[in-house]
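Structure at a glance
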Amino acid sequence: MPNWDPRAQKVLHTLRAAGHRAVLVGGCVRDSLLGIPPHDYDAATSALPDEIRAACSAFSCLDTGAKHGTVTVLSDGLPVEVTTFRRESGYSDHRRPDRVDFTSSLTEDLARRDFTINAMAWDENGLADPFQGREDLQKRLIRCVGDPDTRLEEDALRVIRGLRLAAQLRFSIHPDTAAAIRRHVPQLALVAQERICTEFTRLLCSPGAEEVLLAFPAAAAQIVPELAPAIGFDQRSPYHIYDVYTHSVKAMAHVPCLPALRLAALLHDVGKPTSFVLGEDGNGHFYGHEKAGVQLADAALRRLRLDNATREEVLFLIERHHLPVEASSKWAGRWLSRFGKERFFHLLALKKADGAACAPQPDAERQLDQAEKLAWELLQTSPCIRLNQLAVNGRDAMAAGLTGPAIGTALNFLLSRVAEGDLPNDRDVLLRELNPK
Ligand code: ATP
Ligand code: MG
């Protein structure tokens with residue numbers, strides 16, 4: 001018996017005490033059978049929305065979607081989404097059902113769910129599993145409930161949910177479901193970009209992202225059309241053992257699972273196909289592909305409605321992914337102080353991943369490792385990489401007669417000299433620099 005959060009169980013007991021059938025369902029059942037602690041709790045019940053609210057009057061209840069029969073019941077701070085058993089039909093827009101009817105049948109409710117591993121319920125008697133979800137969990141398999149083409153036709157979001165779940169759990173996709181996913185990729189165009197963005201970002205930040213993106217390149221190109229020319233694009237270079245798309249996906253798999261880093265790695269070479277020239281040496285060159293890539297990635301990420309802060313970091317990383325590296329403290333100090341610690345290390349992570357997805361270049365790898373080590377050492381010994389750590393400030397600059405933007409310019413100049421080790425972070429020394437005789 002899984003280890004349910006007692007606060008979720010309290011909601012189920014309350015509904016049952018009022019004479020309703022109440023079960024846990026969906027992701028929490030799937031995850032706990034896999035031994036993963038559930039991150040949210042969904043319950044399904046025979047009670048109608050008004051009956052849920054009446055039975056749970058001792059809790060605070062929020063109407064999450066009363067029309068669809070969902071009430072969020074707060075149990076000692078744990079939100080439990082309680083939804084009336086329902087049957088869905090229609091789906092003429094391939095996004096949501098035209099018709100939702102409440103039903104007293106749990107099996108009907110489970111039948112409307114996307115994948116067998118998401119279509120199991122847990123009630124007092126144990127597991128309700130009419131679609132063999134447990135067997136698929138054991139086989140580590142994503143499989144649609146019922147006919148895959150019909151299910152994906154109903155709701156195109158399931159295409160990307162299926163890929164995301166496969167990447168998240170490192171499951172394979174049943175061949176019939178995989179074939180139907182491939183056929184329905186174009187229908188992703190009907191799904192709201194915000195929803196695609198959420199699922200796609202989750203997919204990228206999942207442990208199995210590489211396998212899924214390599215197996216379903218058309219899905220990636222449907223979501224980010226700017227990637228389409230990269231698929232199969234031969235780089236004509238002895239350093240590159242992969243086409244641009246495969247290289248980008250492999251680079252993505254080498255960076256930590258953070259949205260900005262994973263997106264930056266996936267898109268870092270998106271400007272290559274349009275920047276390609278074949279040199280007289282017979283090798284491909286991609287002059288200025290970083291700038292071209294920034295423009296293409298910007299368009300793609302705006303279309304996906306990615307939040308501004310993440311988009312800006314992605315563009316920052318793409319633009320600088322060819323920054324030359326030196327294994328010196330001076331180099332580390334210069335870029336740490338200009339970029340800030342987080343972006344500096346993210347850029348190093350991207351550069352390492354870029355290298356790891358090419359033919360082996362041991363010298364470049366060693367240099368990056370060394371630069372990273374020196375940066376950490378610098379941070380431990382003389383951590384002055386931000387203006388507010390500098391021994392002089394704006395008042396000192398004003399006292400030295402500087403005004404307006406000249407203040408920032410002077411302080412940033414001093415910061416870079418201190419961070420690079422040319423000057424100590426000593427107030428008297430820096431005041432002398434501000435007030436030259
Ligand atoms: P996670 O919470 O890890 O994202 P989940 O499977 O719990 O995974 P939710 O979005 O919380 O995902 O959805 C809860 C349940 O609702 C799913 O397990 C599934 O049974 C059902 N469900 C969600 N979205 C769909 C959909 N588009 N089509 C059919 N069923 C869905
Ligand atoms: Mg969930």
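For the structure, see preceding data.
Cut-offs used in this document
Residues numbered from 1 in each chain as written. Chains lettered and ligands numbered in written order. Predicted model: local features only at pLDDT ≥ 70, side-chain atom pairs only at ≥ 80, totals over all residues. Heavy atoms only, no water. Buried < 20%, exposed > 50% of the residue type's maximum accessible area, 1.4 Å probe, protein only. Helix = DSSP H or I, 4+ residues; strand = E, 2+ residues; numbered from the N terminus. Pairing = 2+ DSSP bridges. Core = buried A, V, L, I, M, F, W, Y, C linked by side-chain atoms within 4.5 Å. Contact = heavy atoms within 4.5 Å. 1 Å grid on protein atoms, 1.4 Å probe; cavity = no way out; pocket = protein on both sides within 12 Å on 5 of 7 lines; lining within 4 Å. Points joined across faces, edges and corners; volume = space filled by probe spheres on them. Nonpolar A, V, L, I, M, F, W, Y, C, P; charged D, E, K, R; others polar. Near = heavy atom within 4 Å. Polar contact = N/O pair within 3.5 Å; in protein donor to acceptor, adjacent residues only side chain to side chain. Areas by Shrake-Rupley, 256 points an atom, 1.4 Å probe, with all protein chains shown as cover. Sits in = over half its atoms within 2 Å of the grid points.

**A look at the pairing of strand β2 (residues 41–45)**
Within β2, four of the five residues are buried, which leaves it mostly tucked inside the rest of the structure. In the sheet, β2 pairs with strand β5 (residues 78–84) via five bridges, with the strands oriented parallel. The residue of β5 that forms the bridge with Y41 is V80.

**So, the environment of P360**
Relative to the helices and strands, P360 resides in the loop between α18 (341–356) and α19 (362–381). For the pair P360 and Y239, spaced 121 residues apart in sequence, the C-alpha separation works out to 7.9 Å.

**Looking at the nonpolar core**
Among the nonpolar cores identified, the biggest contains 109 residues, and L15, L24, F200, L213, W331 and F344 are the most heavily contacted of them. If one sorts the elements of this core by residue count, helix α7 (residues 157–169) sits on top with eight residues. Contact partners of W331, with chain neighbours within four places excluded, come to L323, P324, V325, E326, F344, L348 and A371. With 14 residues, the next largest nonpolar core counts C384, A397, I407 and L430 among its residues.

**Remarks on the layout of surface pockets**
Taken as a whole, the largest pocket encloses approximately 1,300 Å³ of empty space. D42, R112, R113, R161 and R195 are the residues nearest the centre of the largest pocket, which is lined by 38 residues in total. Those elements giving two or more residues to the lining of the largest pocket turn out to be α2 (27–33), β2, β5, β6 (86–89), α7 and α9 (193–204). In terms of residue count, α7 provides more of the lining of the largest pocket than any other element does, five residues in total. Here the residues of the lining of the largest pocket sort into ten nonpolar, nine polar and 19 charged. Estimated volume of the second largest pocket: approximately 790 Å³. If you go around the second largest pocket, you meet 31 residues; those closest to its centre are H240, H322, D354, C358 and Q361.

**Quick word on empty space enclosed by the protein**
Taken as a whole, this structure holds one cavity of 30 Å³ or more when the rule is applied. By volume, the largest cavity is sized at about 40 Å³. Along the walls of the largest cavity sit I160, L163, F200, L203, V212, L213, F216, A219, A220 and I223, which together make up its complete lining. When contributions to the lining of the largest cavity are tallied by element, the ones reaching two or more residues are α7, α9, α10 (209–215) and α11 (217–223). At three residues, the largest contribution of residues to the lining of the largest cavity is made by α11. Class assignment of the residues belonging to the lining of the largest cavity gives a composition of ten nonpolar, no polar and no charged.

**Section: the site of ligand 1**
Around ligand 1 there are 16 residues in total, and R30, H39, D155, R158 and R202 lie nearest to it. Measuring from an oxygen atom of ligand 1, one finds a backbone N or O atom of G27 at 3.3 Å. Between ligand 1 and D114, the relevant distance is 3.2 Å, taken from a nitrogen atom to a main-chain nitrogen or oxygen of the residue. When ligand 1 sits alone it has 580 Å² of accessible area, and the protein chains cover 83% of it. In this structure, ligand 1 is accommodated by the largest pocket. At the level of elements, α2 and α7 are the ones that each hand at least two residues to the shell around ligand 1.

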